[in-house]
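Geometric and topological summary
For reference, the chains in residue letters:
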Amino acid sequence: MMDVQGCVVFSAAVLIRLLLLCFGVYQDQNLQVKYTDVDYHVFTDASKFITQGDSPYNRSTFRYTPLLALMLTPNILVSSYFGKLLFVGCDVLCGLLIFRLSSLRGVSRSSAWVYCGLWLFNPLPIGVSTRGNAESLLAVLVLSTLWCLECERLPSAALLFGLSVHMKIYPVTYALPIALSLWKPASRDRGVMRNVLACFSGDLLLFAAVSGSLFFALNVTFYSIYGWDFVHESYLYHVTRRDTRHNFSPYFYMLYVTSERSWSGCLALLCFLPQLLLLLVSSLMFHSDLPFCCFLHTAVFVSFNKVCTSQYFLWYLCLLPLVLPRLTFSVRRGFGLLLLWFVGQALWLAPAYYLEFEGWNAFALVWIAGLMFLLINSLILAQIISHYRPVDVQQKKTN
């Protein structure tokens, strides 16, 4: 049952988003600079092709699962604003899931509303969802997976995990910490063979079977309908992608200057090695606290990715409110780290502006700023890890 504080928080959050949706309609109709994200038009065009019985991949730059285009067919059949309302609803639902997860992890009810508000009133997710970007949809799937795991609802968690990996590939990095959390450690009281068999516990096998079955069923279905276009645009493109346009990635300039070389594809694949090493280490060290481990995984994946844009920050910002209650550094230090994070973005945005809008040859400056931003993110992660108080015994509450 939601109390008065919760009703006020969610009412205000919904009202802000609805006002921005209305403002977006006005801006799109009357101003030269449009409010709606270009990706929203890509989604809508792909959905239109589906309603006509064609492939969503007839729309260039649609590099997502057809399931997303299917979900947004009401954009064509009902209203062009359906998708935005869906993404805003998912955005608000993320706040509720953060509240539920915080309560399960022993945070008091009043404090849980505060951490919930850090997401609901964050300008970045508000802007992204109201402009028509689908990141909030994936955030709901990730948070729902963690909530089901915390509640020990393994079949539901497995279904949500399989769906989230199908929707976007990066949650597959959570597979190792989830498996380690479900794995039963060896015991001296058991023989070697029984210890080997114990590694494949019933819970682990159930999770793998359910999530894998859903993932492969969706992929086989869409492959049978759309063929190789589905495999390439939904998955392979993102693995082999070499974005030589400016972005926050520390690799973009290297990929830019080597883009014409025959071996540049191999170089792009080598960029995954630092990610893989850091993800492996964090899984082994922190898998007992899944929300914290998934936060670290996502922050590492985004920071060291070949392509990194501001929308990717939402992937780990939706998990940050679950980590904050267990950080032991002072509020002053926390605000200092937050300010440092914004300074890192500002240092990057300045040369990026002159590169994109003024036509200056500022690629090297953008790259240096990207390296500085990586150092800042690494420093912040180091501070979070060193000041994090692990969850030894989770206090489960019914809300």
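The shown structure was predicted, so the numbers you read here are calculated from the model rather than taken from an experiment. Numbering of residues starts from 1 in each chain and follows the order in which that chain's sequence is written. In keeping with the model being predicted, local features are shown solely for residues with a pLDDT of at least 70 and side-chain atom pairs are shown and tallied solely at 80 or more, while totals for entire chains, interfaces and linings include all residues. Just so you know, side-chain values use all the structure's heavy atoms and leave hydrogens and water out.

Turning to the pattern of salt bridges, a few remarks are in order. Put simply, a salt bridge is a Lys or Arg side-chain nitrogen that is within 4 Å of an Asp or Glu carboxyl oxygen. For the coordinates displayed, the defined rule picks out 6 salt bridges. As a salt-bridge pair, R63 and E233 come within 3.2 Å of each other at their nearest N and O atoms. Taken together, the positions of R63 in the loop between α2 (38-51) and α3 (66-71) and E233 in helix α13 (residues 228-240) put the pair 170 residues apart, joining distant regions of the chain. Between K168 and E135 there is a salt bridge whose closest N-O contact spans 3.2 Å. In this pair, K168 is assigned in the loop between α9 (154-167) and α10 (175-182) and E135 in helix α8 (residues 135-150), connecting sequence segments 33 residues apart. What makes E135 buried here is its relative accessible area of 7%. Note on conventions: DSSP H or I runs of at least 4 residues are helices, E runs of at least 2 residues are strands, and numbering of each starts at the N terminus. Each residue is assigned to one of three classes by its accessible area relative to the maximum for its type, calculated with a 1.4 Å probe on protein chains only: buried under 20%, partly exposed between the two thresholds, exposed over 50%.

The backbone phi angle of T61 is positive, close to 70°, even though this residue is not glycine. Counting through the fold element by element, T61 comes out in the loop between α2 and α3. Residue T61 is classed as partly exposed on the basis of its relative accessible area, which comes to 40%. Phi is positive for E152, which is not a glycine, with a value near 60°.

The next thing to look at is the nonpolar core. We define the nonpolar core as a collection of buried residues of types Ala, Val, Leu, Ile, Met, Phe, Trp, Tyr and Cys that are connected through side-chain atoms lying within 4.5 Å of one another. With 110 residues, the main nonpolar core has F43, L143, F207, F313 and L319 as its most contacted residues. Every residue pair with non-hydrogen atoms within 4.5 Å of one another is taken to be in contact. Here L143 is in contact with C94, L97, I98, L101, C318, L319 and L322, once residues within four sequence places are set aside.

Turning our eyes to something else, we now look at the packing of α10 against helix α12 (residues 202-226). Only the stretch in contact is used when a helix axis is fitted, and all axes are lines through C-alpha atoms; the angle between N-to-C directions ranges over 0 to 180 degrees. One way to put it is that α10 packs onto α12 with a least axis distance of 8 Å and a crossing angle of 150°. When the axis of α10 is compared with that of α12, the two are roughly antiparallel. α12 is crossed by α10, and the crossing has right-handed handedness. Facing α10, whose interface residues are I178, A179 and L182, α12 presents D203, L204 and F207. When residue character is reported, Ala, Val, Leu, Ile, Met, Phe, Trp, Tyr, Cys and Pro are called nonpolar, Asp, Glu, Lys and Arg charged, and the others, Gly included, polar. Class assignment for the residues of the contact of α10 with α12 results in 5 nonpolar, no polar and 1 charged. When an angle is under 35 degrees it counts as roughly parallel; over 145 it counts as roughly antiparallel; between 65 and 115 it counts as roughly perpendicular; any other value is oblique. It is the rotation of the near helix from the far one that decides the hand of a crossing: anticlockwise by less than a right angle makes it left-handed, clockwise makes it right-handed.

Taking 1.5 Å as the rise per residue, α12 with 25 residues should run 36 Å; its terminal C-alpha atoms sit 36 Å apart, in good agreement. Every buried residue of α12 is listed here: L204, F207, S211, G212, F215, L218, N219, F222 and Y226. Phi for G227, located one or two positions after α12, is positive at around 65°. Every helix has an expected span of 1.5 Å times one less than the residues it contains.

What follows concerns the confidence of the model for the protein chain. The predictor attaches a confidence to each residue, called pLDDT, with possible values from 0 through 100. Confidence in the prediction of the protein chain, expressed as mean pLDDT, is 88, and 91% of residues score 70 or more. Scored below 50 in pLDDT, residues 393-399 shows 19 contacts in the model against residues more than four places distant or in partner chains.

In this section: the packing of aromatic side chains. Only Phe, Tyr and Trp rings take part, Trp by its six-membered ring, and two of them pair if their centres are within 6.5 Å. Stacked means planes under 30 degrees apart, edge-to-face means over 60, and tilted covers everything else. The final tally for this structure, using the stated rule, is 32 aromatic pairs. Grouping aromatic residues by their ring pairs yields a cluster made of Y40, F43, Y57, F62, Y64, F87, F215, F216, F222, Y226, F230 and Y235. Over a ring means this: the NZ of a Lys or the CZ of an Arg is within 6 Å of the ring centre and within 35 degrees of the ring normal. Taking the ring centre of Y237 as reference, the NZ or CZ of R63 above it sits at 4.2 Å. Taking the ring centre of Y40 as reference, the NZ or CZ of K84 above it sits at 5.7 Å.

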